[in-house]
Amino acid sequence: MNNTNKILIDDIENATSKTLEVDFDDVIEDIPSAKNVKAHLILKSLGDFIEVKGSVHADLTLECDLCLKEFEYVLDEEINETYAKNNLMEEYGQETEIKDGQFVTDLNGSDEIDVYDLLYQSVILNIPNKKVCGINCNKGVFQTDEEFVEEDPRMEVFKNIKLDK
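Summary of the structure given here. The structure displayed is predicted, hence computed values, not measured ones.

### Examining the overall build of the protein
Part 1 of the argument: Along the protein, the regular secondary structure elements total three helices and nine strands.
Part 2 of the argument: When the elements of the protein are put in sequence order from the N terminus, they spell out β-α-β-β-β-β-α-β-β-α-β-β.
Part 3 of the argument: Looking at the protein as a whole, 29% of its 165 residues are labelled buried.
Part 4 of the argument: Partitioning the contacts of the protein with sequence separation of at least 6, the portion at a separation of at least 24 is 57%.
Part 5 of the argument: Total accessible area computed for the protein in this model is approximately 11,700 Å², and 47% of it derives from carbon and sulfur atoms.

Structural data, given as structure tokens:
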């Protein structure tokens, strides 16, 4: 992990209007299928909180859940995160209800925000649950050079499973 991807809270506090803009154009080594990862982030101090807004773009190579072929997927997502500078547990006690739009990441006294980790989470959490190569996916019909194969041979093992209700 590259230390240049960590932003010091003091740098945000000392910036003009307590706002810092950061650009990321690198790889996320923990996501080998992600290429061309680019992000533009605006970090702003709001007293006890740091607001991070921006966007992330990544070109991903995914495997289709239907036909198992690799395909390219373009991820473009908005980022809107809030970090608490001070330990939230001390301020709010053991239990607190979090309502829509109130999710806050506790920095646990850290003096920096890890942009690499933020982008890693943003990419991983926005990969579609159902990965389909396209609207015209052949839904598991595999074509070899000689002939069409109607089913994935790896699925044969499931044909004889009987479930008791």
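Read on for the rest.
### Focus: unusual backbone geometry
Part 1 of the argument: The backbone phi angle of N36 is positive, close to 55°, even though this residue is not glycine.
Part 2 of the argument: Assignment of secondary structure puts N36 in strand β3 (residues 34-45).
Part 3 of the argument: You will see that N108, though not glycine, has its phi angle at about 50°, which is positive.
Part 4 of the argument: Structurally, the position occupied by N108 is in the loop between β6 (105-106) and β7 (112-114).
Part 5 of the argument: Residue classification places N108 among the exposed residues on the basis of a relative accessible area of 57%.

### Observations concerning the sheet that holds strand β2 (residues 19-26)
Part 1 of the argument: Taken in spatial order, the five strands line up as β2-β3-β4-β5-β6 in an open sheet, and their pairing is mixed. Looking at the sheet topology across the chains shown, the edges are occupied by β2 and β6.
Part 2 of the argument: Of the strand pairs in this sheet, strand β4 (residues 49-63) and strand β5 (residues 70-84) are connected by 15 bridges, and their pairing is antiparallel. Of the residues in β5, the one forming a bridge with E51 is T82.

### Digging into the pairing of β5
Part 1 of the argument: Linking β4 back to β5 in an antiparallel pair, the connection comprises six residues, with L68 at a positive phi of about 65°.
Part 2 of the argument: Bridge analysis of β5 against β6 gives two bridges, and the strand direction is parallel. Paired with A84 across the strands is D106, a residue of β6.

### So, helix α3 (residues 115-125)
Part 1 of the argument: Considered for burial, the residues of α3 that qualify are V115, Y116, L118, L119, S122 and V123. Buried residues along α3 cover an arc of 160° about the axis, so they all sit on one side.
Part 2 of the argument: Turning to α3, the residues buried within the fold contact β1 (6-8), β2, β3, β4, β5 and β7.

About the cut-offs
- Residues numbered from 1 in each chain as written.
- Predicted model: local features only at pLDDT ≥ 70, side-chain atom pairs only at ≥ 80, totals over all residues.
- Heavy atoms only, no water.
- Helix = DSSP H or I, 4+ residues; strand = E, 2+ residues; numbered from the N terminus.
- Buried < 20%, exposed > 50% of the residue type's maximum accessible area, 1.4 Å probe, protein only.
- Contact = heavy atoms within 4.5 Å.
- Areas by Shrake-Rupley, 256 points an atom, 1.4 Å probe, with all protein chains shown as cover.
- Pairing = 2+ DSSP bridges.
- Arc of directions from axis to C-beta.

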